[in-house]
Amino acid sequence: QVQLVESGGGLVQAGGSLRLSCLASGRTFSRYAMGWFRQAPGKEREFVAALDWSGGSTYYADSVKGRFSISRDNAKNAVYLQMNSLKPEDTAVYYCAAALGSIPTKQDRIDYWGQGTQVTVSS
């Protein structure tokens, strides 16, 4: 069992930055590939970024490439999402996700979800 708790969301102006954190419980965190998804009002949840168990391979949605960066610290059971050059269309609830055995780029690969953290980007 893995529990995921996100933090770091908030209100920011367009062009600004935020850093999301996800802390995981349990001693098997390093076995999981981790990812971030987001869901805007009235839209389906979508993939944002993911990385493998070591952090050596990363994956990004086209909409965030070059602006967002995903990383992890296995010693701290943590995964991060650095978001720069934020746009109003990045406004959404951001969810941390864990997957065992595959890279979490699709929702059907997710074993555990966090509760989400709100990110609001004003224009």
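I will try to describe carefully the structure that is included in this document.

Rules and cut-offs
Residues numbered from 1 in each chain as written. Predicted model: local features only at pLDDT ≥ 70, side-chain atom pairs only at ≥ 80, totals over all residues. Heavy atoms only, no water. Helix = DSSP H or I, 4+ residues; strand = E, 2+ residues; numbered from the N terminus. Rg over C-alpha atoms; globule rule 2.2 N^0.38 Å. Buried < 20%, exposed > 50% of the residue type's maximum accessible area, 1.4 Å probe, protein only. Contact = heavy atoms within 4.5 Å. Lys, Arg positive; Asp, Glu negative; His and termini not counted. Charge placed at Lys NZ, Arg CZ, Asp CG, Glu CD. Salt bridge = Lys/Arg side-chain N within 4 Å of Asp/Glu carboxyl O. Core = buried A, V, L, I, M, F, W, Y, C linked by side-chain atoms within 4.5 Å. Disulfide = S-S within 2.5 Å. Pairing = 2+ DSSP bridges. Axes fitted to C-alpha atoms, helices over the stretch in contact; angles between N-to-C directions.

1. Quick notes on the overall build of the protein chain
In terms of regular secondary structure, the protein chain is built from zero helices and 11 strands. For 123 residues, the compact-globule estimate of 2.2 N^0.38 gives 14 Å, and the C-alpha radius of gyration of the protein chain, at 13 Å, lies within 12% of that figure. Along the first, second and third principal axes, the C-alpha atoms of the protein chain reach 40 × 25 × 25 Å. Per-residue burial for the protein chain yields a buried fraction of 46% across its 123 residues. Counted over contacts in the protein chain with a minimum sequence separation of 6, partners at least 24 positions apart contribute 58%. Charged side chains of the protein chain number 13 positive and 10 negative; the gap between the two group centres comes to 4 Å.

2. Quick notes on the pattern of salt bridges
Under the criterion given, the structure shown has four salt bridges. Residue Arg 38 is joined to Asp 90 by a salt bridge in which the shortest nitrogen-to-oxygen separation is 2.9 Å. You can see Arg 38 sitting in strand E4 (residues 33-39) and its partner Asp 90 sitting in the loop between strand E8 (78-83) and strand E9 (92-99), a full 52 residues away along the chain. Among the residues examined, Asp 90 registers a relative accessible area of 0% and is labelled buried. The salt bridge partner of Asp 62 is Lys 65, with a shortest N-O separation of 3.2 Å.

3. Considerations on the nonpolar core
Within the largest apolar cluster, 37 residues are counted, with the highest numbers of intra-cluster contacts made by Leu 4, Met 34, Trp 36, Leu 81, Met 83 and Tyr 94. Broken down by secondary-structure element, the contributors of at least two residues to this core are strand E3 (18-24), E4, strand E5 (46-51), strand E7 (68-73), E8, E9 and strand E11 (117-122). Once residues lying within four places of it in the same chain are set aside, the contact partners of Leu 81 are Leu 18, Arg 19, Leu 20, Trp 36, Val 48, Ala 49, Phe 68, Ser 69, Ile 70 and Tyr 94.

4. Observations concerning the state of the cysteines
According to the stated counting rule, one finds one disulfide in the structure shown. A disulfide bridge connects Cys 22 with Cys 96, and the sulfur atoms are separated by 2.1 Å. A torsion of -80° about the S-S bond marks the disulfide between Cys 22 and Cys 96 as left-handed. Of this pair, Cys 22 sits in strand E3 while Cys 96 sits in strand E9, placing them 74 residues apart in sequence. Judged by its relative accessible area of 0%, Cys 96 falls in the buried class.

5. Examining the sheet that holds E3
Here four strands make up an open sheet; going across it, the order is E1-E3-E8-E7 and the pairing antiparallel. Of all strands in the sheet, those with a lone pairing partner are strand E1 (4-7) and E7, marking the two edges. Neighbour to neighbour, the strand axes of the sheet diverge by 15° on average, direction disregarded.

6. A short note on the environment of Ala 92
Residue position: Ala 92 is located in strand E9. Taking relative accessible area as the criterion, Ala 92 reaches 2% and is therefore assigned buried. Spatially, the C-alpha atoms of Ala 92 and Ala 78 are 21 Å apart, while their sequence positions differ by 14 residues. Each residue touching Ala 92, except ones within four places of it in the same chain, is listed here: Arg 38, Gln 39, Ala 40, Thr 117, Gln 118 and Val 119.

Note that every value here comes from positions in space, so none of it alone points to a role or purpose.
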